[in-house]
Amino acid sequence: MSIVRVREHVNPLSKKYQTPISPPDWSRLYHDLDRPLHLDIGCGKGRFLLQMAQVQPEWNFLGLEIREPLVEQANGWKAELGLTNLHYLFCNANNSLRPLLRSLPVGRLQQATIQFPDPWFKRKHQKRRVVQPDLIEALAEALTPGGKVFIQSDVEEVAVEMRDRFAAHPAFVCEHYDWLDSNPLPIPTERETSTMERGEAVYRSLFAKK
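Residues numbered from 1 in each chain as written. Predicted model: local features only at pLDDT ≥ 70, side-chain atom pairs only at ≥ 80, totals over all residues. Heavy atoms only, no water.

(A) Spatial organisation of the sheet that holds strand S3 (residues 86-90). Ordered in space as S3-S2-S1-S4-S5-S7-S6, the seven strands form an open sheet in which the pairing is mixed. Since the sheet does not close on itself, it has two edges, and those belong to S3 and strand S6 (172-174), each with one partner. Within the sheet, the average angular offset between the axes of one strand and its neighbour, ignoring direction, is 20°. Two strands pair when backbone bridges link them, and strand S1 (residues 37-41) and strand S4 (residues 109-115) are joined in this way by five bridges, in the parallel orientation. Looking across to S4, one finds that Asp40 is bridged to Thr113. Of the strands in this sheet, S1, strand S2 (60-65), S3 and S4 touch helix H4 (residues 93-102), which is tilted by about 170° from S1. In the packing of helix H5 (residues 133-142) onto the sheet, contacts are made with S1, S4, S6 and strand S7 (203-209), and the angle to S4 comes to roughly 155°. (Pairing = 2+ DSSP bridges. Helix = DSSP H or I, 4+ residues; strand = E, 2+ residues; numbered from the N terminus. Axes fitted to C-alpha atoms, helices over the stretch in contact; angles between N-to-C directions. Contact = heavy atoms within 4.5 Å.)

(B) Structural context of the side chain of Gln56. Relative to the assigned elements, Gln56 resides in the loop between helix H2 (47-55) and S2. If sequence neighbours within four positions are ignored, Gln56 has contacts with Phe61, Asn85 and Pro186.

(C) Main features of helix H6 (residues 156-168). With 13 residues, H6 should reach 18 Å at 1.5 Å per residue; the first-to-last C-alpha distance of 18 Å fits that figure. Val158, Ala159, Glu161, Met162 and Phe166 are the residues of H6 that are buried. Angularly, the buried residues of H6 cover 165° about the axis, an arc narrow enough to put them on a single face. (Expected span 1.5 Å × (residues − 1). Buried < 20%, exposed > 50% of the residue type's maximum accessible area, 1.4 Å probe, protein only. Arc of directions from axis to C-beta.)

(D) Highlighting the pattern of salt bridges. Enumeration over the complete set of coordinates arrives at 14 salt bridges. Across the pair Arg163 and Asp164 runs a salt bridge, and its minimum N-O distance is 3.2 Å. Taken together, the shared-partner salt bridges in this structure form one network comprising Arg129, Glu157, Glu161 and Arg165. (Salt bridge = Lys/Arg side-chain N within 4 Å of Asp/Glu carboxyl O.)

(E) Here's a closer look at the pairing of S7. Among the seven residues that make up S7, seven are buried, leaving the element largely enclosed by the rest of the structure. Side chains Tyr203, Ser205, Phe207 and Lys209 project from S7 onto one buried face, and the interleaved Arg204, Leu206 and Ala208 project onto a second face that is buried too. Relative to S7, strand S5 (residues 148-153) runs antiparallel, the two sharing six bridges. Paired with Lys148 across the two strands is Ala208, which belongs to S7. Inspection of the sheet shows S6 paired to S7 by three bridges, in the antiparallel sense. Paired with Val173 across the bridge in S7 is Ala208.

(F) Structural context of the environment of Arg98. By the element assignment, Arg98 lies in helix H4. Expressed as a C-alpha distance, the spacing of Arg98 and Glu137, which sit 39 residues apart in the sequence, is 8.6 Å. Excluding residues within four positions of it along the chain, Arg98 makes contact with Asp134, Glu137, Ala138 and Glu141. Among the polar contacts listed, one links the side chain of Arg98 to the side chain of Glu141, at a separation of 3.5 Å. (Polar contact = N/O pair within 3.5 Å; in protein donor to acceptor, adjacent residues only side chain to side chain.)

(G) Looking closely at the packing of H2 against helix H3 (residues 68-81). Relative to each other, H2 and H3 sit at 25°, their axes nearing to 10 Å. In terms of orientation, H2 lies roughly parallel with respect to H3. Note on packing geometry: the crossing formed by H2 with H3 is right-handed. Residues Arg47, Leu50 and Gln54 of H2 pack against Trp77, Lys78 and Leu81 of H3. Residue composition of the contact of H2 with H3, by class: three nonpolar, one polar and two charged. (Parallel < 35°, antiparallel > 145°, perpendicular 65-115°, else oblique. Left-handed = near helix turned anticlockwise from the far one by under 90°. Nonpolar A, V, L, I, M, F, W, Y, C, P; charged D, E, K, R; others polar.)

(H) Structural detail: the packing of aromatic side chains. Enumeration over the complete set of coordinates arrives at four aromatic pairs. For the pair Tyr17 and Phe90, a centre-to-centre distance of 6.5 Å together with 75° between the ring planes defines the contact as edge-to-face. With Tyr17 in the segment before helix H1 (26-29) and Phe90 in strand S3, this pair connects stretches of sequence that are 73 residues apart. Through a chain of ring-to-ring contacts, the aromatic side chains of Phe166, Phe172 and Phe207 assemble into a single cluster. For Arg163, the ring lying beneath its charged end belongs to Trp179, and the centroid distance is 4.6 Å. (Phe/Tyr/Trp six-rings, centres within 6.5 Å; stacked < 30°, edge-to-face > 60°. Lys NZ or Arg CZ within 6 Å of the ring centre and 35° of its normal.)

In structure tokens:
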């Protein structure tokens, strides 16, 4: 698998990322559109979904990523493996998520993940963080009742902000009191694995749609 190199951080508020993408023809992206859909927001290189699509072939998987070269690379890997239950889209989730989800068949979105998003530490840059109220509202509209949202970060401040924003939305309920000790999914991300190997903390929360 060839590897492309891109900038680690992309400003989602810059002008070039302000036009929402047009929803695709979903029936052309997936072999069986009736399968439940798992959405990974900010999928990076896409390796997490690449493995998930293989261990859970009964699901469809969609990765959203703002760095276009990574999306092209990931779709190339998908094609090499012949996976028909996985696709990656280049977009800014903060303005493209709602139109994308509204174009899906009703009841398909059953799981979403937001894992190790860019922390944007400086206060003046925190408006660039991906988990904003509009994004949470879009997920609330599209997820099926009982659908799950799994979030995690190795930056406690970011994890707290994500958790508190989801907890404040009336459509979501947190399924536990403290941080989760382990990942409920069968595949960890590369960032999660490297963080755990260094003995550092990962802050995880799981929410359910009411």
